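# Understanding the architecture of this molecule
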Amino acid sequence: MRVCDLKQKEVINICTCKSLGCPLDVEFDPKTGCLTAIIVPVPGKLCGLFGPVSEYVIPWQCIRQIGEDIILVEIKEEKFLKKE
């Protein structure tokens, strides 16, 4: 699977059954080349114009399943919400 394929999938938190949006970016460990997290912008923000820029940084180990159309994650949203 390619990163561009991940970007087209909707991320669903199985703890709340809430859609978090689609991944915008990924983090990886440059030493191992392994993915360490996916970055999902907070829905409802329009290019950061309305309020602070926020995103979910979801560690790879919190991903429970990747399907054809969705990525299922298990997180406490407030713990992984990063504000800039």
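Look up: the structure comes first, before these words.
Below is a summary of the structure that appears in this document. The structure displayed is predicted, hence computed values, not measured ones. (Residues numbered from 1 in each chain as written. Predicted model: local features only at pLDDT ≥ 70, side-chain atom pairs only at ≥ 80, totals over all residues. Heavy atoms only, no water.)

## Examining the overall build of the protein chain
Defined as follows: Helix and strand assignments come from DSSP, with helices taken as H or I runs of at least 4 residues and strands as E runs of at least 2, each series counted from the N terminus. We call a residue buried when its accessible area falls under 20% of the maximum for its residue type, exposed when it is over 50%, and partly exposed in between, using a 1.4 Å probe and counting protein chains only. Pairs of residues are marked as contacts when any of their non-hydrogen atoms sit within 4.5 Å. Here the Shrake-Rupley method, with its probe set to 1.4 Å, supplies the accessible areas, and only the displayed protein chains count as covering residues.
Broken down by element type, the protein chain carries two helices and eight strands. Secondary structure of the protein chain in N-to-C order comes out as α-β-β-β-β-β-β-β-α-β. Relative to its 84 residues, the protein chain shows a buried fraction of 31%. In the protein chain, 40% of the contacts between residues at least 6 apart in sequence involve partners at least 24 apart. Approximately 5,700 Å² of the protein chain is accessible, and the part contributed by carbon and sulfur atoms is 55%.

## Thoughts on the nonpolar core
Put simply, the rule is: To qualify as a nonpolar core, a set must consist of buried Ala, Val, Leu, Ile, Met, Phe, Trp, Tyr and Cys residues joined through side-chain atoms within 4.5 Å.
With 15 residues, the main nonpolar core has V11, L20, I38, V40, I58, V73 and I75 as its most contacted residues. If you list the elements that add at least two residues to this core, you get β4 (35-41), β5 (54-59) and β7 (70-73). Those residues in contact with I58, other than ones at most four positions away along the chain, are V11, L20, T36, A37, I38, V40, V73 and I75.

## Observations concerning unusual backbone geometry
Positive phi, normally seen in glycine, also occurs at C17, with a value near 60°. Position of C17 relative to the elements: it lies in the loop between β1 (10-13) and β2 (18-21). For C17, a relative accessible area of 68% translates into the label exposed.

## Comments concerning the pairing of strand β3 (residues 25-28)
How we decide: Pairing between two strands requires that DSSP report at least two bridges joining them.
The pairing of β3 with β4 spans four bridges and is classified as antiparallel. If you follow D25 over to β4, its bridge partner there is I39. Linking two consecutive strands that pair antiparallel, namely β3 and β4, is a turn of six residues; a positive phi of about 80° is found at G33 within it.

## Things to note about a nonpolar patch on the surface
The line we're drawing: Patch definition: residues with relative accessible area over 30% and no salt bridge; like charges joined within 9 Å; nonpolar side chains (Val, Leu, Ile, Met, Phe, Trp, Tyr) joined within 5 Å. Whenever Lys or Arg places a side-chain nitrogen within 4 Å of a carboxyl oxygen from Asp or Glu, that contact is recorded as a salt bridge.
On the surface, M1, F28, L35, W60 and I66 cluster together to form a nonpolar patch covering roughly 480 Å² of accessible area. Structurally, W60 is set in the loop between β5 and β6 (63-66).

## Digging into the sheet that holds β4
As a reminder of what qualifies: For helices, the axis comes from a line fit to the C-alpha atoms of the stretch in contact; other axes are also lines fit to C-alpha atoms, and the angle between any two N-to-C directions lies between 0 and 180 degrees.
Read across the open sheet, the four strands follow the order β3-β4-β5-β8; overall the sheet is antiparallel. Each edge of the sheet is formed by a strand with only one pairing partner; in this case those strands are β3 and β8 (81-83). For this sheet the average axis-to-axis angle between neighbouring strands, irrespective of direction, equals 30°. In this structure, β4 lies alongside β5, joined through five bridges in antiparallel fashion.

## A word on the pairing of β6
Pairing of β6 with β7, which is carried by three bridges, proceeds in the antiparallel orientation. Each bridged residue has a counterpart across the sheet, and for I63 the counterpart in β7 is V73. Linking β6 to β7, which pair antiparallel, is a turn of three residues.

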